[in-house]
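Read off the chains here:
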Amino acid sequence: MMMTGEALLAMVLVCVQCVIGFGQPSSPSTFYSTKVVLQDSLEVSLYSPTMFRVRISHLKGEKFPVQYDIPFAIGKTTPWKEVTYTKQEDKNTFTINTGKIVVQIAKRGLSWTVWSVDRKKKLFPSDGPAYGMFKDGYTFFDNASALNESNKNSRFAHWFYNHTTQRYTDVYLEEDVLEDLYFIYGPSYDAIYEQYNTLVGPEPLLPRKGYGFFQTQHLACDGTQQQLLDVAQQFRAKNIPLDNLIIDFEWGDGCEGQKETTWGKSLNWSSSYTKPFSPEEMIQRLKALHIDVMLIHHSAPDFKNRKHQGWTETVYDEAAWNNAYKQKLDMGIVGSWQDTRINDITDSYIWNLTEQHQPGKRVMFLGCRKTVALNPWDFRYSVAPTENMIGARRYPFHWTEDASSSWNELRFQLKATNNTFGPLSGYTYLSSDGVAASWRAQARWNQFTALSAIARSHNPKPWSGNIDVFDFTNKIRITGRDTITAVKKTETTQTETAEASIRKYLQLRYRLLPYLYSYAHVTYQTGMPIVRPMLLAFPNDYICSSDAWPYQYMLGNEMLVAPVYGDFNTMEIYLPQGHDWIDYNTGEVFKNGGVITYDVADINTLPLFVKSGAIIPTRQATEWIDPTVPDQLMFEIFPADTLSTFTLFEDDGVSTKYQQGEVGKTTITCEGNKKDRKVMVKVGAMQGHYAGSSVERTYSITLNGTSREPKVFYQGKAITEGSKKVSTKTPVAWTRSKTGDAFTIQLVKRTEKEIEIVVE
């Protein structure tokens, strides 16, 4: 019987599906992802129906050995779920259909395209604009960077994951013999981030103290132990929050006494940091002030396969470096600032070394992601992060390298860290130096730093006035440093400084810790960054969608930060329409948003807005973070005529047990009804458990913009106004604000119970 062409094709497709179309795994020991081998040297790995890798092999012999399956770009090392697909081929093309997308690969030249399932729309390649790693609903990357951005590293992986040792440094290929190209289709930002987060690996949580302030003590070889302790005391005396002190190369890395040596030449403490106390005693005195210590390293261990790692001032025998570093960890330092530039593999090695030496604890680590407008003494091209590889996001946090001190650099760093080269490139924890020439620029730089994912300053004393930039850059110059003549200058008292601004916004950061920390959990779980550029936060708002407002951003989902990036008196700000926005400084309401002109003449005022309906958890004012002390939680609520939800995440703050699910989640909702003039607030039962969680908590809830004569009901029972000390016997009390447009409810709640408050 003769068969029609369509029937014959259908029969062939059925056979193809039976043989390879449903991604039948090989033995459990070797299955990692759904493989589609199209030619002897061409393989497609399907990770999900919308995420895959095209691999072209130039290996001799076996083309796709299992030991090369997981390169440094990939962080997920456990098997993926099988992906159902069908495969077709004709004279010129291979076609793979996953049910979500269609991939077509040309047999000649091996170029490829991605189409919608109905094949009416070509998804990739496209001609739209690129925003960070995103373009037209997809991202496309290799081992080094996304969307073919320039990079000094190899574009194709040399280092591969070793299942036995669980490291990426043991298995190495010298040449570019495996070409890996990755594709993820969303088309939403959320969907791309989620897949990217799973494939490349999530950004782990920092220790809870890592969400406090990092101060770098950099006095070159003029620095001493006594100066370090004095600065720490000054932070406390000035009520400027601080949790982490980083000692630059003066600790011994590049100085012996007041004499500069080759950076990294010594692994021992300089004599300037061994008196009047031993280094251990110095560290303990700082810990008594609730301040942790990190050390900079311009050196690295010469471990196996440490290839093509760029500039490192001094390289040591692996065991010698490791032992010296472990000794410092045992003394009480909490981690390293690894200032060795093109060092993603080195960073990962030292990150893992730190983690293995203190098992179960989170790692404190700072690596480089070179992104500056102008290096103050070196004119290398570094506008884009040309010296990173994709997998480096797994080892946070990072800095953008030595930056210049101008207003222009401030503006560039703002966009780089909180937009293009940070969150839009898959990096949440990216910091910049913040060494501005004038005190006014220092104030503005530190304001946006305080309300970013990470807060760090390289300014030796951030409360100082104007900086002698020439003197500062001389201290950290490499080329020609032997000709530098140190001129010790007496610090003069300046009446105008950034001190008040720095104190104000770091104190705000510390009060916002529960809010920031909850979004850190969201970042770990979903890849969605803590800081969200406007086009990411409001992708359907055409005014935001083209990244037309790159210098303002959302901190989480509820707060809009508009840093002042020049010496302005006024500045235009866009408040996305469709929402009312409340000025966090004044309480003024901007109905339905829009472009506003904001008065920024006051150097101590950062434009900060809250979206209507927002629920913002805050805590008590402190100058350091103690993970053993439970937060005194306060929920600031800005009711709207809608349902709002916030999920509070809590954990022990120090261990990696959150990765095994030891997390407490509490959901808070607020529903407004303008017609009935009611607001209903519910604080749910905490889901989950973690070490140190309390069975009973005292909360404060502040409702802003509410009636001057409210009636408050707690669990259905009317509560009269009055200041009372709440307890288990008196579980709730409330008081009006002095302005009359807000009031605060205090209550005691068992964590396993849900409570409801209704305000009329």
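With that settled, the discussion passes to the nonpolar core. Counting 161 residues, the largest nonpolar core has I745 and I757 as the members making the most contacts within it. Here this core takes 8 residues from helix α11 (residues 513-526), the largest share from any one element. Setting aside anything within four residues of it in sequence, one finds I745 in contact with Y699, S700, I701, L703, V712, V732, A733, W734 and I757. Grouped together as the second largest cluster of nonpolar side chains are 24 residues, L38, L42, Y85 and F94 included.

Now for the pattern of salt bridges. All chains considered together, the criterion is met by 28 salt bridges. Across the salt bridge formed by D243 and K209, the nearest N and O atoms sit 2.4 Å from each other. Of this pair, D243 sits in the loop between α3 (225-237) and β16 (244-247) while K209 sits in the loop between α2 (189-200) and β15 (213-217), placing them 34 residues apart in sequence. Neither residue differs from the other here; D243 and K209 are each classed as buried. The residue E752 makes a salt bridge to R750 at a minimum N-O spacing of 2.9 Å. On the basis of relative accessible area, E752 is assigned to the partly exposed category, the value being 43%. On the basis of relative accessibility, which here comes to 38%, the residue R750 falls in the partly exposed class. Connected via shared salt-bridge partners are K35, E43, R53, R55, D69 and D180.

So, about the pairing of strand β44 (residues 742-750). As paired elements, strand β40 (residues 696-704) and β44 share 9 bridges and run antiparallel to each other. Within the sheet, the bridge partner assigned to T702 lies in β44 and is T744. Bridge count for strand β43 (residues 732-736) against β44 is 5 bridges, and the pairing is antiparallel. Considered in β44, the bridge of W734 is made with I745. Linking β43 to β44, which pair antiparallel, is a turn of 5 residues; within it G740 sits at a positive phi near 85 degrees.

Between helix α5 (residues 318-331) and helix α6 (residues 344-357), the least distance of the axes is 11 Å, while the angle of their chain directions is 50 degrees. By the angle class used here, α5 and α6 are oblique. Helix-helix and strand crossings are classified by hand; for α5 and α6 the assignment is right-handed. For the pair α5 and α6, the contacting residues are E318, W321, N322, Y325, K326, L329 and D330 in the first and Y349, I350, L353, T354 and H357 in the second. Looking at the contact of α5 with α6 residue by residue, the classes come out as 6 nonpolar, 3 polar and 3 charged.

In protein structure, a disulfide is the covalent linkage between the sulfur atoms of two cysteines. This model, assessed by the stated rule, comprises 1 disulfide. Residue pairing for C221: its cysteine sulfur links by disulfide to C255, the two sulfurs lying 2.1 Å apart. The disulfide joining C221 to C255 has a torsion of about -85 degrees about its S-S bond and is therefore left-handed. Here C221 is found in the loop between β15 and α3, whereas its partner C255 is found in strand β17 (residues 255-256), with 34 residues between them in sequence.

Here we come to the packing of aromatic side chains. By the definition in use, this model includes 43 aromatic pairs. Look at Y161 and Y168: their rings are 5.2 Å apart centre to centre, the planes differ by 55 degrees, and that puts the pair in the tilted class. Ring geometry for Y565 versus F568: centroids 5.3 Å apart, planes at 90 degrees, classification edge-to-face. Residue class for F568 comes out partly exposed when judged on its relative accessible area of 28%. Taken together, F52, W112, F124, Y138, F140 and F183 form an aromatic cluster joined through their ring pairs. Taking the ring centre of Y427 as reference, the NZ or CZ of R369 above it sits at 3.7 Å. The ring of F72 carries the charged tip of R394 above its face, separated from the ring centre by 5.1 Å.

Pairing in this open sheet of 6 strands is antiparallel, and the strands run β27-β28-β29-β34-β31-β32 from one edge to the other. Of all the strands in the sheet, the pair left with one neighbour each is β27 (531-533) and β32 (589-590). When strand β31 (residues 581-583) meets strand β34 (residues 608-611), the two strands line up antiparallel, connected through 3 bridges. By the bridge assignment, I582 is partnered in β34 with V610.

Basis of the calculations
Residues numbered from 1 in each chain as written. Predicted model: local features only at pLDDT ≥ 70, side-chain atom pairs only at ≥ 80, totals over all residues. Heavy atoms only, no water. Core = buried A, V, L, I, M, F, W, Y, C linked by side-chain atoms within 4.5 Å. Buried < 20%, exposed > 50% of the residue type's maximum accessible area, 1.4 Å probe, protein only. Helix = DSSP H or I, 4+ residues; strand = E, 2+ residues; numbered from the N terminus. Contact = heavy atoms within 4.5 Å. Salt bridge = Lys/Arg side-chain N within 4 Å of Asp/Glu carboxyl O. Pairing = 2+ DSSP bridges. Axes fitted to C-alpha atoms, helices over the stretch in contact; angles between N-to-C directions. Parallel < 35°, antiparallel > 145°, perpendicular 65-115°, else oblique. Left-handed = near helix turned anticlockwise from the far one by under 90°. Nonpolar A, V, L, I, M, F, W, Y, C, P; charged D, E, K, R; others polar. Disulfide = S-S within 2.5 Å. Phe/Tyr/Trp six-rings, centres within 6.5 Å; stacked < 30°, edge-to-face > 60°. Lys NZ or Arg CZ within 6 Å of the ring centre and 35° of its normal.

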